[in-house]
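Analysis of the macromolecular model
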Amino acid sequence: MPDWESKFINKIVLNNCLDLMREIPDGSVDLIITDPPWNVGKDYGTYKDDLSKKEYQQLIRDLKSEWDRIANGRVAIVLGSEILKDWWDVYVDAKIIIVKLGAIVLTRKNNMHLQWKAVVTTCNSNKFTTDNWEDIRWPGEGYYFDEPRYGHPAMTPLKLMGRLINLFSNENDLIFDPYMGVGTTAVAAMLLKRRYIGCEIDAKYLDTARKRIANTGLTTKEDRLDAGVPLTFEDLA
Ligand SMILES: C[S@@+](CC[C@H](N)C(=O)[O-])C[C@H]1O[C@@H](n2cnc3c(N)ncnc32)[C@H](O)[C@@H]1O
């Protein structure tokens, strides 16, 4: 097995993803799937999510250039209404899937806007899908979905990541999430029999992600309930 494979495959690495990606060879990943920081000032511990508009737009261009190289441009990126335009300006040919129309949000007096979530993807799926989102809740119904949060301020629903992985990849494919947080993409990949690489810049979230992954090995819902650990994608389906 090449060095980079034993170092990264089925692991989450503590690093800045821009540094880690330089170690991944061209065309070696089947799908980038991620819910990146949205530059809305969330406190992620190590990372503060507060770049200038120019810096954020440059980050998107840097990410795209690495993702084009390592995954032949195959991406599925979860985004909010605030920043979709910045991403779409770079991913000009991407398809946009609206996840869920949200409510009208009052950001300050006399300033209301319609909030919604999108997935930007360059992939086609040969799998039939109807409404993927009906039972996943988003802002407008309260920022709420019925899953444990593991102490992370912006966790992505496991169900959503599972569905996207299912739509845009096949068993045994290698999935890369550069912004792994508390490990949702890795857990979904394991449950769906994909290999994964993850990167996370904050040691506390990484620690939680590793515990979550270890617990995913408990084989039945009853095992998980007995061990007092959170349930999985299949338990929740
Ligand atoms: C929206 S959250 C992802 C949540 C994740 N999908 C989950 O369910 O836990 C974005 C994450 O990116 C991490 N992050 C920010 N900048 C990073 C970087 N340059 N490299 C790696 N991780 C980074 C943050 O610490 C945060 O946990």
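Anyway, here's the lowdown on the structure attached to this text.

**A word on the overall build of the chain**
- In terms of helices and strands, the chain carries nine helices and seven strands.
- Split into buried and exposed, the 237 residues of the chain put 33% on the buried side.
- A sequence separation of at least 24 residues applies to 67% of the contacts in the chain between residues at least 6 apart.

**Looking at the site of the ligand**
- By nearness alone, 22 residues border the ligand, and Tyr44, Tyr179, Gly181, Thr184 and Ile201 come closest of all.
- Elements supplying a minimum of two residues to the shell around the ligand: α2 (17-21) and β7 (195-200).
- Split by residue class, the shell around the ligand holds 13 nonpolar, six polar and three charged.

**Some remarks on the pairing of strand β2 (residues 31-34)**
- Neither face of β2 is exposed, since Leu31 and Ile33 on one face and Ile32 and Thr34 on the opposite face are all buried.
- The pairing of β2 with strand β6 (residues 174-177) spans two bridges and is parallel. Considered in β6, the bridge of Ile32 is made with Phe176.
- The pairing of β2 with strand β3 (residues 75-80) spans three bridges and is classified as parallel. Bridge pairing links Thr34 to Ile77 in β3.
- Read from β2 through helix α3 (residues 53-71) to β3, the crossover connection turns out right-handed.

**Topic: the nonpolar core**
- Leu164 and Ile165 are the most contacted members of the largest nonpolar core, which totals 48 residues.
- With seven residues, the single largest contributor to this core is helix α5 (residues 158-168).
- With residues up to four places along the chain from it excluded, the contact list for Ile165 reads Ile33, Ile175, Ala188, Ala189, Leu192 and Arg194.

**Points about the packing of helix α6 (residues 184-191) against helix α7 (residues 203-216)**
- The geometry of α6 relative to α7 is characterised by a closest axis approach of 9 Å and an angle of 15° between their N-to-C directions. In terms of axis orientation, α6 runs roughly parallel to α7. The two elements α6 and α7 cross, and the hand of that crossing is right-handed. Residues Ala186, Val187, Met190 and Leu191 of α6 touch α7, and the partners they reach there are Ala209, Arg212, Ile213 and Thr216.
- By residue class, the composition of the contact of α6 with α7 is six nonpolar, one polar and one charged.

Rules used in this analysis
All residue numbers refer to positions counted from 1 along the written sequence of the respective chain. Given that the model is predicted, a residue must reach a pLDDT of at least 70 before its local features are reported, and side-chain atom pairs must reach 80 or more before they are shown or counted; all residues, however, enter totals for whole chains, interfaces and linings. Only DSSP runs of H or I covering at least 4 residues are called helices, and only runs of E covering at least 2 are called strands; the numbering of each starts at the N terminus. Exposure in this text rests on C-beta crowding, where 20 or more other C-beta atoms within 10 Å of a residue's own make it buried, 12 or fewer make it exposed, and counts in between make it partly exposed. The C-beta atoms are placed from the backbone. Throughout, a residue-residue contact means that the two C-beta atoms, derived from backbone geometry, are no farther apart than 7 Å. Using a C-beta atom placed from the backbone for every residue, we mark a residue as near a molecule or strand if that atom lies within 6 Å of it. For this classification, the nonpolar set comprises Ala, Val, Leu, Ile, Met, Phe, Trp, Tyr, Cys and Pro, the charged set comprises Asp, Glu, Lys and Arg, and every other residue, Gly included, is treated as polar. Pairs of strands are assigned from DSSP output, requiring at least two bridges between the strands. Looking down the strands as they point away from you, a crossover is right-handed if its path from the first strand over the helix to the second goes clockwise. For our purposes the nonpolar core covers buried Ala, Val, Leu, Ile, Met, Phe, Trp, Tyr and Cys residues that link as a set through C-beta atoms within 7 Å. Where helices are involved, their axes are fitted lines through C-alpha atoms of the stretch in contact, as for all axes, and angles between N-to-C directions lie from 0 to 180°. Any angle between 65 and 115 degrees counts as roughly perpendicular, while under 35 counts as roughly parallel, over 145 as roughly antiparallel, and the rest as oblique. Handedness of a crossing follows from how the near helix is turned relative to the far one, being left-handed for an anticlockwise turn of less than a right angle and right-handed for a clockwise one.

On their own, these measurements won't tell you what the molecule is for.
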